[in-house]
Amino acid sequence: MTKPFHLAWFLQGSSVQAWGEPWTGHIGTTWERPELFLDMARALERACFDYILLEDSSYVGESFNGSTDIYLKNAIAVPRQDPSVVAALMTQVTSRIGIVPTFGTYAYHPYLLARLIATLDQVSSGRIGWNAVTGSSDFAAMNFGLPGMPEHDLRYDMADEYMQVCRGLWGSWEPGAIIADRKNGILVDPTKVHPVNHKGKFYSTRGPLNSGPAAQGQPVIAQAGGSPRGRKFAAAHADTIVVHVKGTEAMKAYRDDVHKYMVAQGRNPSDCKVLYLINPIIAETMEEAYDRKKKREAVALTKIDERLAHFGKVTNIDFGRFDLDKPLPDDVTTNGHQQNLEQYRRIANGRSIRETMASFNAVDLSVELVGTPDSVAARMGEVMQEVGGDGFLFSMPNVNRRTLAEIEDGLIPALQDRGLVRKAYEHKQFRENLLAF
Ligand SMILES: Cc1cc2nc3c(=O)[nH]c(=O)nc-3n(C[C@H](O)[C@H](O)[C@H](O)COP(=O)(O)O)c2cc1C
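Reading guide: rules and limits
- Residues numbered from 1 in each chain as written.
- Predicted model: local features only at pLDDT ≥ 70, side-chain atom pairs only at ≥ 80, totals over all residues.
- Heavy atoms only, no water.
- Helix = DSSP H or I, 4+ residues; strand = E, 2+ residues; numbered from the N terminus.
- Rg over C-alpha atoms; globule rule 2.2 N^0.38 Å.
- Buried < 20%, exposed > 50% of the residue type's maximum accessible area, 1.4 Å probe, protein only.
- Contact = heavy atoms within 4.5 Å.
- Areas by Shrake-Rupley, 256 points an atom, 1.4 Å probe, with all protein chains shown as cover.
- Lys, Arg positive; Asp, Glu negative; His and termini not counted.
- Charge placed at Lys NZ, Arg CZ, Asp CG, Glu CD.
- Near = heavy atom within 4 Å.
- Polar contact = N/O pair within 3.5 Å; in protein donor to acceptor, adjacent residues only side chain to side chain.
- Phe/Tyr/Trp six-rings, centres within 6.5 Å; stacked < 30°, edge-to-face > 60°.
- Arc of directions from axis to C-beta.
- Core = buried A, V, L, I, M, F, W, Y, C linked by side-chain atoms within 4.5 Å.
- Axes fitted to C-alpha atoms, helices over the stretch in contact; angles between N-to-C directions.
- Parallel < 35°, antiparallel > 145°, perpendicular 65-115°, else oblique.
- Nonpolar A, V, L, I, M, F, W, Y, C, P; charged D, E, K, R; others polar.
- Salt bridge = Lys/Arg side-chain N within 4 Å of Asp/Glu carboxyl O.
- Pairing = 2+ DSSP bridges.

**A few points about the overall build of the protein chain**
Link 1 in the chain: Helix and strand content of the protein chain: 16 helices and 14 strands.
Link 2 in the chain: Against the compact-globule benchmark of 22 Å for 437 residues, the protein chain has a radius of gyration of 22 Å, which places it among compact chains.
Link 3 in the chain: Taking the principal axes of the C-alpha coordinates as reference, the protein chain spans close to 75 × 55 × 45 Å.
Link 4 in the chain: Expressed as a percentage of its 437 residues, the buried residues of the protein chain come to 54%.
Link 5 in the chain: Considering only residue pairs separated by 6 or more positions, the protein chain has 74% of its internal contacts joining residues 24 or more positions apart.
Link 6 in the chain: A total of about 19100 Å² of accessible surface is found on the protein chain, and carbon and sulfur atoms cover 53% of it.
Link 7 in the chain: Charged side chains of the protein chain number 48 positive and 52 negative; the gap between the two group centres comes to 4 Å.

This is how it looks when you write it as structure tokens:
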């Protein structure tokens, strides 16, 4: 029997989901309440997903014509509630699935972050992960009193130390420190709680952590570094990496690269699960599925400005300043997401910005998955066989209850029947399930 693979879901923030899409009810007014997110957490737990990752950023985009208009009108990454609140609520309606909120290292002192994550890990009985991002936008930095983001690779150097501080704080309570001895009236064994006294290049903290220990000891770390420096950072710290590259060759190359970095740092490659972004389009017949895909592609062509606004938000490039019917000037660089600009340059090949965006495959993510539940399940199995592991991260633009049912009640049984994904959780805690195969 083939080894099963892992599944997770990339949720576009604690926010309005799928604005403008059909089957979303009154999402424009109901989004503030958590019902859809809680339904989603329950559905994906029934489907035995490893985790839900809650994307986040902490600013309103302003990278198109120097204005927030296009972002606000079209709900492009705004609004965004604080992900810790919805994450906490999700943990209370589930018992096995991992919940992974995103927090930027620029926005939290490591003590505050370590305490927040430890608390979430406690209230979820060991099911919390942290999507550790360095941030990329100067606008976000300005919300925290900084003039702008530090330089790209320096952010990862800082994050390396940040991670060391968090690990130290989570380790400041030894296992078994809480004895809860009612007879002698002693709650905590003081010999098992230690200061950290970290004085580093970028951060200082005293410790110990006052939240008490995280249920997993060290909570799960998720990461998505795409640049060479980002990959090194992910390979050093992550239990799971989420990746956006196109095609099985690039998927395999990314995983091999990360494994190489892991071995160089003395880690076992099987201790980190690499998941690839997918956007499956599923229907009862092949014709209907391809028809849906065609409609999605047609809509994408009418939304070039919105897509450029989104692309500009993660690269800090204001495409509104350029003539869209000319190529992007060669001297444009980014201190934001490097991998995205690199991908753009590869596709552009001298073409205008508009033509490049029009030709950019905005529907398929890592690989094309279009068809019936059975055909898509079979293709997912083939892809994993080619790549070698470790699973997929669903990132679907049409998040609604109908889509969730297509996945939970359509695709998942087809995958389970093939022995490609789990039918029941093996363990209680998040990392244990992630490392179960
Ligand atoms: C699937 C996926 C999810 C991501 N989620 C976030 C997020 O929620 N917040 C954020 O600031 N960055 C997010 N990123 C960006 C990455 O952290 C990273 O900055 C990006 O992949 C570019 O890599 P680089 O920083 O090494 O250049 C995500 C990236 C991917 C591929």
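**Section: the site of the ligand**
Link 1 in the chain: The local shell around the ligand holds 18 residues, among which Asp56, His152, Tyr156, Ala224 and Ser227 are the closest.
Link 2 in the chain: Separating an oxygen atom of the ligand from a side-chain N or O atom of Tyr156 is a distance of 2.6 Å.
Link 3 in the chain: Surface burial for the ligand is 90%, taken as the share of its 610 Å² of free accessible area covered by protein chains.
Link 4 in the chain: Broken down by secondary-structure element, the contributors of at least two residues to the shell around the ligand are strand E4 (129-133) and helix H7 (152-170).

**A look at the packing of aromatic side chains**
Link 1 in the chain: This structure, assessed with the given rule, holds 15 aromatic pairs.
Link 2 in the chain: Ring centres of Tyr156 and Phe233 lie 5.4 Å apart, and the angle between their planes is 50 degrees; this geometry places the pair in the tilted category. Here Phe233 lies in helix H8 (residues 228-237) and Tyr156 lies in helix H7, a separation of 77 residues in the sequence. Of the two residues examined, Tyr156 and Phe233, each falls in the buried class.

**A look at helix H4 (residues 83-91)**
Link 1 in the chain: All buried positions along H4 are accounted for by Pro83, Ser84, Val86, Ala87, Met90 and Thr91. Buried positions in H4, seen along its axis, are confined to an arc of 165 degrees and lie on one side of it.
Link 2 in the chain: Residues of H4 that are buried sit in contact with strand E1 (6-11), helix H2 (35-46), strand E2 (51-54), strand E3 (98-104) and helix H5 (110-123).

**A word on the nonpolar core**
Link 1 in the chain: Ranked by internal contacts, the top residues of the largest apolar core, which has 89 residues, are Trp9, Trp130 and Met380.
Link 2 in the chain: A total of nine residues in this core trace back to one element, the largest contributor, which is H7.
Link 3 in the chain: Formed by 20 residues, the second largest nonpolar core is a distinct cluster that contains Ile76, Phe311, Ile317 and Ala348.

**A short note on the environment of Tyr162**
Link 1 in the chain: For Tyr162, the position within the fold is in helix H7.
Link 2 in the chain: With a relative accessible area of 0%, Tyr162 lands in the buried category.
Link 3 in the chain: Distance from Tyr162 to Val60, taken between C-alpha atoms, is 25 Å for residues 102 residues apart in sequence.
Link 4 in the chain: Beyond its immediate chain neighbours, meaning those up to four positions away, Tyr162 contacts Thr105, Tyr108, His109, Pro110, Leu113, Trp130 and Tyr203.

**Side note on the environment of Pro329**
Link 1 in the chain: Position of Pro329 among the secondary structure elements: in the loop between helix H11 (304-315) and helix H12 (338-348).
Link 2 in the chain: In the structure, Pro329 is positioned 44 residues away from Pro373 in sequence and 44 Å away in space, judged by C-alpha atoms.

**Some details on the packing of H2 against helix H15 (residues 401-417)**
Link 1 in the chain: Running from amino to carboxyl end, H2 crosses H15 at an angle of 5 degrees, the nearest separation of the two axes being 10 Å. Taken together, the axes of H2 and H15 are roughly parallel relative to one another. Along the contact surface, H2 presents Glu35, Leu36, Asp39, Met40, Ala43, Leu44 and Arg46, while H15 presents Arg401, Leu404 and Glu408.
Link 2 in the chain: In terms of residue class, the contact of H2 with H15 is made up of five nonpolar, no polar and five charged.

**Brief notes about the pattern of salt bridges**
Link 1 in the chain: Overall, the coordinates contain 26 salt bridges when judged by the stated rule.
Link 2 in the chain: Between Arg296 and Glu21 there is a salt bridge; the shortest N-O distance is 2.9 Å. Of this pair, Arg296 sits in helix H10 (residues 286-301) while Glu21 sits in the loop between E1 and helix H1 (27-30), and the two are 275 residues apart along the sequence.
Link 3 in the chain: Judged by relative accessible area, which is 22%, Arg296 ranks as partly exposed.
Link 4 in the chain: Here Asp374 and Arg418 are joined by a salt bridge, their closest N and O atoms 3.2 Å apart. Remark: Arg418 occurs in the loop between H15 and helix H16 (430-434) and Asp374 occurs in helix H14 (residues 373-387); sequence separation between them is 44 residues.
Link 5 in the chain: Overall, Arg418 belongs to the partly exposed group, its relative accessible area being 35%.
Link 6 in the chain: One network of salt bridges, in which partners are shared, links Lys293, Glu297, Asp364 and Glu368.

**A few points about the pairing of E2**
Working note: regular strand, side chains alternate between the two faces of the sheet.
Link 1 in the chain: What you see with E2 is no split at all: Tyr51 and Leu53 on one side and Ile52 and Leu54 on the other are buried throughout.
Link 2 in the chain: Bridging between E1 and E2 involves four bridges; their strand directions are parallel. Considered in E2, the bridge of Leu11 is made with Leu54.
Link 3 in the chain: Pairing geometry for E2 and E3, over four bridges, is parallel. Looking across to E3, one finds that Tyr51 is bridged to Gly98.

**Re the sheet that holds E2**
Link 1 in the chain: The strand order E1-E2-E3-E4-E9-E10-E11-E14 describes a closed barrel built from eight strands, whose pairing is parallel. On average, each strand axis in the sheet is inclined to that of its neighbour by 30 degrees, with strand direction left out of account.
Link 2 in the chain: Where E3 lies against E4, three bridges are found, and the strand directions are parallel. Among the inter-strand pairings, Gly104 is bridged to a residue of E4, identified as Val133.
Link 3 in the chain: Lying over the sheet, H14 contacts E1, strand E11 (273-278) and strand E14 (391-394), oriented at roughly 125 degrees with respect to E14.

These results come straight from atomic positions and should not be treated as a statement about function.
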